[in-house]
Structure formats: structure tokens, C-alpha cells
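So you can see what is in the structure, the chains are spelled out below.
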Amino acid sequence: MLRAFEIFLLMAFVAVNMVASRWIGQQAYSWMPLQATAEAKQVDNLFSFLTAVGAFIFIGIVGVILYSIITCRAPRGDWSHGHPARSDWRIEALWTVIPFVLVLWIAGQSFKIYQQLDIQGLTLIAHLHPPTVIEPADASDSNPLQPTEIATSKPAAQEIEVVAKQWVWSFRYPDRNTTSTELHLPVNQSVHLSMQSEDVIHGFYVPEFRLKQDILPNHTIGIVFTPLREGKYRLNDSQFSGTNFALMEANVYVDSPEAYDQWLTQAAPH
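Here's what I pulled together on the structure shown here. (Residues numbered from 1 in each chain as written. Predicted model: local features only at pLDDT ≥ 70, side-chain atom pairs only at ≥ 80, totals over all residues. Heavy atoms only, no water.)

Considerations on the sheet that holds strand E5 (residues 191–197)
Okay, step 1: In spatial order, the strands read E3-E2-E1-E5-E8; together these five strands make up an open sheet with mixed pairing. The outermost strands of the open sheet, each flanked by one partner alone, are strand E3 (178–180) and strand E8 (221–225). The mean angle between the axes of side-by-side strands here comes to 25°, regardless of whether they run parallel or antiparallel.
Okay, step 2: Sheet analysis places strand E2 (residues 168–173) next to E3, joined by three bridges and oriented antiparallel. Note on E3: the bridge partner recorded for Phe171 is Ser180. (Pairing = 2+ DSSP bridges. Helix = DSSP H or I, 4+ residues; strand = E, 2+ residues; numbered from the N terminus. Axes fitted to C-alpha atoms, helices over the stretch in contact; angles between N-to-C directions.)

Details of the pairing of E2
Okay, step 1: In terms of burial, E2 is a largely internal element, five of the six residues being buried.
Okay, step 2: Judged from the five bridges that link them, strand E1 (residues 158–165) and E2 form a sheet pairing that is antiparallel. By the bridge assignment, Lys165 is partnered in E2 with Val168.
Okay, step 3: The loop that links E1 with its antiparallel partner E2 comprises two residues.
Okay, step 4: Here E2 hands over to E3 after four residues, with Asn177 in that stretch at a positive phi of 55°. (Buried < 20%, exposed > 50% of the residue type's maximum accessible area, 1.4 Å probe, protein only.)

Quick look at the pattern of salt bridges
Okay, step 1: Taken as a whole and judged by the stated rule, the model has four salt bridges.
Okay, step 2: Among the ionic pairs, Arg210 bridges to Asp44, the shortest N-O distance being 2.7 Å. Here Arg210, found in the loop between strand E6 (202–206) and strand E7 (211–215), pairs with Asp44, found in helix H2 (residues 38–71); they are 166 residues apart in sequence, far enough to count as distant.
Okay, step 3: Owing to a relative accessible area of 11%, Arg210 belongs among the buried residues under this scheme.
Okay, step 4: Given a relative accessible area of 2%, Asp44 falls into the buried group.
Okay, step 5: Where Glu161 meets Arg172, a salt bridge forms, and the shortest distance between an N and an O atom there is 3.2 Å. Separated by 11 residues along the polypeptide, Glu161 in strand E1 and Arg172 in strand E2 bring together distant segments of the chain.
Okay, step 6: Taking the relative accessible area as the measure of exposure, Glu161 reaches 10% and is therefore buried. (Salt bridge = Lys/Arg side-chain N within 4 Å of Asp/Glu carboxyl O.)

Pasting the structure below:
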């Protein structure tokens, strides 16, 4: 009877732990900035799952410790050792297989998210295209970024070229031949950013987009995403690129299609 009662308590504790850790995982969504892209949902889903798994393990370990303190206290003066768990293949298999499967699942989900973000890695670009030195065609050319071919497997409605240099961001819209220090994006349309650095390593980071990508000099990195929420956001340089890197910021606007076209018309050179 006592054995059955202990099994019941264990099952009840596991059930309560699962409910509590799932609730904590759901709360993790509120710890992040507002989701402003379609890809942000995938990132937050993975973050919520990892939080729930961590909470389940933490509550489980604390519960076992408290249970042991209450029920497994040795009498005063008893210095004998407890029953060893070694040589039990079932326990060994349990704590080997479960973490192995969990790590494989997390790795698979992370890879899936990166595929959806469609980041073109430096190795792929280096094989497809030699490094490109960014320099204007002539002194009167106001375009800081010469068009370079870049491989991308995910189609995008808008193409925008991004140039990072100490200490400013520059954005060029090739279809309108417009260059700006503000990044404007159309809502509900996929956008392909072709990013290059003119000097050192910079980092493209917009928290609400869940995008954080290093930009290396003499390389072109493309990333595709879809903004979903209109508003004003802040682009930061996530890499220590020099003394004033913390001041290297830019405004990012997600506009309605009408407002986006209107801004492009106003910003276009006359």
C-alpha cells in the first residue's frame, strides 16, 4: 500500500510540474519585445519551449531535494552510505537517451528557424562570389554600395541594400535609386536585405524583429524576413565596432504599402 501511495505521489508531482512549467513557458512570451516579424513567432516559440523545459527540470530537481530532506534523513550518528544507483542500466539509459533526444530536437528546431530566416552564410557566398570591395564608381556617385550579385533561395517583394560603417547605417533602395539613413519597410511584404560593411565587423540587430546578424567587411550577407507590425523600431550595432559603436543607431519604420510608396516618392532624388 505504501509503495502504491508513493507512486501516486510521484505521478501527481510530475503532473503538477508539467502544468506549472507549461504555464511558465507561456509567460516567457511576455518577457520578449513585441513580435514585429513573421520569423519572430518561430523564435519566441522555441524560447518558450526552452523556458518550459528548464522550468520542468528545475522544479523536478528542487522537488527531489525537498523530498529527500523530509523523508530520507539519516538517524543521528548514522554515517553509512545509501544504496548506490550505479550499475543500473535502466537509469543510465534514461538520463542518456532523454537529454540526447532533447538536444537533437532543439538543434533541429533552431536549424529550421535559420532556414526560414534564409540567412546566406559566409561560406556559401565565398564559394559563389569572390569578396567584393565596396567603393563608389566615381567621386560624384552618391550611392555608397555598388550592386553585387547575391544568392538567395527565398523570393522577396522588396530589395534593400544595407551599408554599415563607423558610425552610421546607410540604406539604398535600388528600384528607386534612393539612399537614406532611415530604414523603411512595407508591412506584410517579404524584404531581402543585402548587407555589407565598409570597414570592420558590425552587427544588425532589431530586437522586435528577432534578427541579429554579423556583417563582415568584403562580404555580402543576405537575409529575408517579413514585417507584420507597423511602427517605429530601433536598429543597433550589436558588435563592438569601435569607440562610438553604441551611438551607431538608426530608425526603422514599418509602413503601410501606401505610406511606404509615399515615402519612397518623397525621398527619391529630384
